Each structure stands twice: as structure tokens, then as C-alpha cells.
Amino acid sequence: MKKLPLLFFTLFILSSTFAQNPVYKDKNAPIEERIDDLISRMTLEEKVMQTNQWTYGKNSNPNNIEDRMREVNPMIGSLLYRATFPQARNQIQKKAIEDSRLGIPIIFGFDVIHGYRTVFPTPLAQSCSWNTALVKESCRISAKEAWLAGCDWTFSPMIDVARNPRWGRVVEGYGEDPYLNSVFCVAAVEGYQGKDLSEKYTIAACLKHYVGYSMSEGGKDYHYTDVSDQTLWETFLPPFEAGVKAGVATLMSGFNDLTGIPASANHYTLTEILKEKWGHDGFVISDWASIRNLTNQGYAKDRKEAGLKAFMAGVEMDMMDNIYVENLPQLIKEGKVPMERIDDAVRRILRIKYRLGLFEQPYVDELTEEERFLLPEYLEVAEQLASESMVLLKNDNQTLPITSNNKSIAFIGPLLSDSVNMMGSWEGMGKAKDVYTIIEGVKAEFGDNATLNFAAGCEFDGSDTTSFAEARKAALASDVVVLLMGEKKGWSGENSSRSSISLPAIQEQLIAEMDKLGKPFVLVLSSGRPLELIRINSLPDAILEMWQPGTMAGPALAGILSGKYNPSGKLTITFPQTVGQIPMHYNARPTAVKGLGYFQDVPKEPMYAFGHGLSYSSFKYGEVKLSTEKISKDEKLTVEIEVTNNSEVDGSETVLWFISDPFASITRPIKELKYFEKKSLKAGEKSIYTFEIDPMRDLIYPNSKGDKILEAGDFYLMVNDQKVKFELVD
Ligand code: BGC
């Protein structure tokens, strides 16, 4: 009997320790147990609040007009954090930790698309570098800058395979090929998330826009997307599957009406494919108001029904709309939403918060701007990536690089001192004042050895030709002319589709004027999309597509022009001859009548094809060698090709390996990219490039249900201008 008080005392101590340190707060307990414990303690209101994202801070996206600063509710699941101060984030987080009953941390998200404060080239440009390691590094740096500003999560990468350059958002993704989008997706996810999300400086990634969004009719943003299941499986889903396999934390459901069932209420894609087939255990956030938009699309009669459909289809978090908060409790009461689905959604959101380590480390370091942003090593990566992204489309008479024989150079065009448009769309927290302009870059690169003549020439648009005279004068006084033309940043990006992809008439007119002067003449283009060049392509001696290069625009471009950097970019999206040829992509299906059926008024070949890009070096390809000509499905076939840098200049060459499957039960594209490799080759150096064909990875294709099909028969390997046959035997 004497032992009883002692027992009570021990129980009392144990239970109070337990209350102070419940399992969900115990960092040594397994995450799933912590979640179980936390969910068991949460009220319905607390659960529903987790499924909401509000915005905090300045909003500059015209689509998101409803932005308002709200009193932050400490129970909120997430904030779209548009401020750059870690202090503000920490204060809000403190409120969540200390003022909410259970102290669940908030996850802070932001669109870190191609950099946070250090702006890298746009994703479309980045893909033209074919340098996945560098892209991954740019994402690592972006994550670090973003984390130190208070972000845990980025709405990136965008992996919508984009084949319509009229669609403004082509600039945000990695071009027209599903394999390339998959490879860059993995690089981006690994760059942002690192090896362990709970470590400092890593942020959760978000694949978007799931799925088929880039197929909007005619390239008009937000419009209907008619995507067959076959196309869904072979073109649009593969990059998402690759990202899920790479461990991406979240996905964003698209705005698009996907063949009658909008992507933000599509049970097939969001639940059956993503969660059940691929086993994704993170969560899906809607795009901005894409749940409410279901009412505009005619898929839900009101907000409540929109919420019900999106939530039950598999969207766990509502970006910006409050629809879940307003309607989920009632929908539960009515028995339309089961409690298990709420718990599943909350579990998924909490899982990512736990993986991010937010329960253990809810706050970020508070450093000064100088300590956090634009560090010299970041700028180095930005310059390298910008220079590797640029694509030399044409270089007659070796007009580029501009050698020291040229004693005077004219630089003409509205982009010369531009810093805003150099950053491109979705520049994160990039500031124009940080951008190294082209004028600064060329002065530093050429200023000591040549006289530089500058002129604006014209505006981006309009009809004022009064500055042409000044441009002519600058050109006539120079040995070589560099004309910088292109698009403003707002001409591509969200809600920025264009019916024409030509340069404005005034720019084409100035190009024609420069041509008349008979001087060696280089055209530098800056754009967020492929341009229609048919009227001007033959005029300049050289054309360089520099895209929108970001913070280090000036030095990167100047380095390419001088030959300090040797161009190594290749197009990841086709430049058609005219806008009327769209859709035009390399991996089209064969036509019914060989060689016929093309538009009669333009050449059938594109102006610049996928994979096109020149170098100051010349590379000689040897004969492709196959380890065997017949393989079975469990064997591998090794193909090799020797490439020689047959020039006096060091350079880099990317070898693109394509496979063609000429006859199949479901028709296949003419050829498909399966692998690529970029290597630096010193002048005169030879190197063997190798591709190991694995039938189970490289010869299979999906049917319209997503089943993988492998069929014996002939295949062709295509590399450079060679095409060799091999056989897959049963
Ligand atoms: C865009 C998304 C973006 C979101 C948040 C939307 O309008 O479509 O790509 O992540 O806004 O800013």
C-alpha cells in the first residue's frame, strides 16, 4: 500500500511530461506517428485552416488582382510570401507557433522561377544550355536566397511541354520535348530540395501546371485544352512522373479545362494517376483561384460546388480563395466530404511541413541583404548560365566573334541600357538596379581596344523613325554593327499570348536599314519565345538569340560577342518560318503522304530546328558504333560516337541521341530525344560520347491508359546526320 503514492507521483510526472512534449512535437518520433498524434488533437476548424493559402505582401501579378493584406490568422496553413524580410516571416511564424493552440508552423511559398534576387536566364533559355548541372546549381542558389528571405517553398519548376510560341508561358518552361522537360525537372527539384529538405537553405519544389495547360487553344492563355489520353501519357505526364520519382514535395493543379474535366477538379489525373499510380505522398495546391474558376468554366454552379469538386478530386490546398474555409465544414456536415478525406489532405500538408523541419526549426536566419543576396559566386553562375543559354543561329563569314581587327563597333537598339526587360517574366525579387546592362558589358569587354558608337535606333514598338538617322551614323562610323532587338519582358509570361511572334514592324524596318549599309552586321535577339524571322533572316551576317539573360546580361553577351565565351547553346524549341506553321515541333508524327501536305507558301522546314545552335569551334562527328545490332528486352545496347573539336578554339558540344520506331501498334513520332551529353573539348581534342540504350526505358511507349508497351522489331538510332538500324528481338 505504501507504494501507491509513489506510483501516482510517477504517473503524474509522466503525464505532465507527455502533455508538455506530445508525440507530434517529439523530434525523435517517426513523422507518420507525429502526424497521427497531431491530427488526433486537431479540431475541424484547425484542420480546414491547414488547407488554405493566403497572400502576404506586395503582389505584382495582374491576374492576382484580389491581393489584400489580411490579418494573418495564426492557424493558416500557408502564406504566399511576397516580402523579402526574414524578420517579417519570423514574426508571423512566431504568431503561428505561439498564438495558435497547437503551434503548427506556416509554410511560406513564393514564385522563385528563375532566381530570387539573383536573376538567372528564363527557364526556356536555361534549357538551351543543355547543362543540367548548372541549372541545378542555379536552383540551389535560388533556394538559398529565397530561404534566407523567409521562403520554404517555390512554385517551380514549370514543366508544361510547350509547342506553341504564341502562348506567353513558353518562356517559363524547358521547351517542346517531354524528355528534356523531365531531365530539367529533376535537376530543378534536386537543386531546390537538396538531399534533405529539413536542412537550412533548401525549399520544397512544386511541379506545375498539372496538367496539359500549355495546350490552350491557339496558344490563348487560360483557354480550353483538348488533350487525348494518348497525348497526355506520352507528352504531358512524363515530366511530372519524373519529378514525382525525384521526390518533389508538391504539385500545382492547372487552370485549364482538360478535355471537359478541368485540371483542378480532375480525379483521374490528381488522384488515380498522381497518388494511386505514382504514389505521391505530398500535396497538391490549386493555381491562383483555379478552384473558383471552375464556376467560370461551367464545371461548378457555385463556390461551394467548386470546393467540393476540387477537394474530392485531389486538390489539398486552395491558393487564395478561401473556398475551403468557407465550405468544407458544411460539406462535411452534409456528408459530401468524408472526414477521412480531410484527414488525408491535412496529413499530406503536415507531412511536407515535417519534412521541411518546420516543427524543429520554424524560423530562418536573419542576415543583412549583403550577406544574403547577389554574392559573387552567385553572379558567376548566373553569367555562365546566361552565356551557355545563348544560341548562335547564324554566323556567315565568321562575323562573330568580333576580333580586335575591328577598331570601331556600333551597338544599336532599345535594349542597350535596358535592365528591366533583361530579367524576363517572373523575375522573383530581382531588381533592375542589380542588372549589368549590355552597355556596361560591352564597354568593359571592348572599350579598351575599340571605339564604341552607341545609338538607340528605335523604340521597341511604334512608328517613330526619327532615331534611325543617328543609328545610321553610328553604323557608318564603325567596322562592324551589332543591332540588339527583341521583346519586352511583358510580351511573354502569364496572360501574355500574342497572335504574332514577329518583331514589331519598326524593328524589322531598322534591321533592313542597317543591311543597306553593307557593313558586317550582327543581330542579337532578346525574347521569351521563338520569333518569326522570315522577312529578316537573310539580312544580318550573324544572328544570336540571347533570350532574357537576367542579372548578368551584359557581361554574358559581351563575352559571347568577343569570343571570351564560345557559344554552346542549342534550341530546345523550334523556330518556325511563319506563325501559320504552328504547331511545329521536331517530334511530330509522320504524314500520310510522304513529303506532301505542307503549307505551299513557305518552306516545309523550320527556320531553325530543335537542336540547332552554332559554335565558334567546328566539331567533326565520326561514325556511330553499335555494340550489337540485335538485343532482347533485358539486354543493353551501347552506342558510341567520336567527336573531334576540329578547330583552333576550345568549345563545348552537346550530342543529341534520338530513337525512331518506324512501325508500332500505336503510331510513334518521327524521332524522339532519349539522351544527350554536353562536354567541353579543347581545340583539337577528341572524345567518345556514349549512350547505353535500355529497352525498358528507351524503347517503350505508353498507350492511352498509361500502360507501357514494348514491341519487338526494327528501330533506328539517330545522331547528328547519321541513322543506323538495330533490332529488338523477342
Ligand atoms: C500562376 C502560377 C503562379 C501563381 C502564384 C498564377 O497566376 O499561374 O504559375 O505560381 O499565380 O503566383
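Here the structure is a predicted model, which means the values were calculated and not measured.

Remarks on the sheet that holds strand β3 (residues 107-110)
Pairing between sheet strands relies on hydrogen bonds along the backbone, with the strands arranged either parallel or antiparallel.
Phase 1: Strand order in the open sheet made by the five strands is β4-β3-β2-β1-β10, with parallel pairing throughout. Lying at the two open borders of the sheet, with one neighbouring strand each, are β4 (153-154) and β10 (318-319).
Phase 2: Sheet topology places strand β2 (residues 78-82) next to β3; three bridges connect them, and they run parallel. Residue pairing for β3: Leu79 is matched across the bridge by Phe108.
Phase 3: Each of β1 (52-57), β2 and β3 touches helix α4 (residues 86-99); the most contacted strand, β2, lies at about 160° to it.

Notes on the packing of aromatic side chains
Phase 1: With the rule as written, the count across this model stands at 30 aromatic pairs.
Phase 2: Relative to Trp278, the ring of Trp233 lies with its centre 6.5 Å away and its plane at 90°, an arrangement referred to as edge-to-face. Residue Trp233 is located in helix α8 (residues 229-245), and its partner Trp278 is located in the loop between α9 (267-277) and β9 (283-286); the two are separated by 45 residues in the primary sequence. Exposure class is identical for Trp233 and Trp278. Each is buried.
Phase 3: Centre to centre, the rings of Phe610 and Phe658 are 6.4 Å apart; their planes meet at 70°, and the pair counts as edge-to-face.

A word on the site of the ligand
Phase 1: Residues in close proximity to the ligand total 16 residues, the closest being Asp111, Arg169, Lys208, His209 and Asp287.
Phase 2: Within the side chain of Arg169, an N or O atom sits 2.8 Å from an oxygen atom of the ligand.
Phase 3: When its residues are assigned to classes, the shell around the ligand shows six nonpolar, four polar and six charged.

A closer look at the domain arrangement of the protein chain
Where the parts come together, the accessible area they lose is often given as the size of the interface.
Phase 1: Under the domain assignment, the protein chain is made up of domain 1 (3-27 + 44-113 + 136-156 + 186-355), domain 2 (381-581) and domain 3 (619-728).
Phase 2: With centres defined by C-alpha atoms, the gap from domain 1 to domain 2 works out at 40 Å.
Phase 3: If you look at the interface, domain 1 gives 16 residues, while domain 2 gives eight residues.
Phase 4: In this assembly, domain 1 packs against domain 2 so that about 1,000 Å² is buried in total across both faces, 66% of it on carbon and sulfur atoms.
Phase 5: At the boundary of domain 1 and domain 2, one finds zero salt bridges.
Phase 6: Linking domain 1 with domain 2 are four residue pairs in polar contact (both at pLDDT 80 or more).
Phase 7: With three residues, helix α6 (residues 132-147) is the single largest residue contributor to the side of domain 1 that touches domain 2.
Phase 8: Its residues assigned to classes, the side of domain 1 that touches domain 2 comprises six nonpolar, five polar and five charged.

Side note on helix α11 (residues 303-313)
Phase 1: Of all the residues in α11, the buried ones are Ala306, Gly307, Leu308, Ala310, Phe311 and Ala313.
Phase 2: For α11, the secondary structure elements touched by its buried residues are α9, α10 (293-296), α12 (323-333) and α13 (339-355).
Phase 3: Within two residues after α11, Gly314 carries a phi angle of roughly 130°, on the positive side.

About the thresholds
- Per chain, residue numbering runs from 1 following the sequence as it is written.
- Per-residue local features of the predicted model are confined to residues with pLDDT of at least 70, and side-chain atom pairs are confined, for both listing and counting, to 80 or more; whole-chain, interface and lining totals are unaffected and use all residues.
- For the side-chain quantities, the full set of heavy atoms in the structure was used; hydrogens and water were omitted.
- Here, any two strands with at least 2 DSSP bridges between them count as paired.
- Labels follow the DSSP assignment, with helices taken as runs of H or I lasting at least four residues and strands as runs of E lasting at least two, numbered in each case from the N terminus.
- Residues count as neighbours in contact if any of their non-hydrogen atoms are within 4.5 Å of one another.
- Whenever a helix is involved, its axis is fitted only over the stretch in contact; in every case the axis is a line through C-alpha atoms, and angles between N-to-C directions fall within 0 to 180 degrees.
- The rule is short: rings of Phe, Tyr and Trp, with Trp giving its six-membered ring, pair when the centres are within 6.5 Å, and they are stacked under 30 degrees, edge-to-face over 60, tilted in between.
- Categorising residues by exposure relies on relative accessible area from a 1.4 Å probe, with only protein chains included: less than 20% of the type maximum marks a residue as buried, more than 50% marks it as exposed, and the intermediate range marks it as partly exposed.
- For this purpose, a residue is taken to be near a molecule or strand whenever a single non-hydrogen atom of the residue falls within 4 Å of it.
- Two N or O atoms form a polar contact when they lie within 3.5 Å of each other; inside protein one atom must be a possible hydrogen donor and the other a possible acceptor, and for residues adjacent in sequence the pair counts only when both atoms belong to side chains.
- As a working rule, the residues Ala, Val, Leu, Ile, Met, Phe, Trp, Tyr, Cys and Pro are called nonpolar, Asp, Glu, Lys and Arg charged, and the rest polar, with Gly in that last group.
- Domain delimitation in this document rests on an assignment produced automatically or drawn from a domain database.
- When two parts are brought into contact, each loses some accessible area as probed by a 1.4 Å sphere; the total of that loss over both is the buried area.
- Here, a salt bridge means any side-chain nitrogen of Lys or Arg that lies within 4 Å of a carboxyl oxygen of Asp or Glu.

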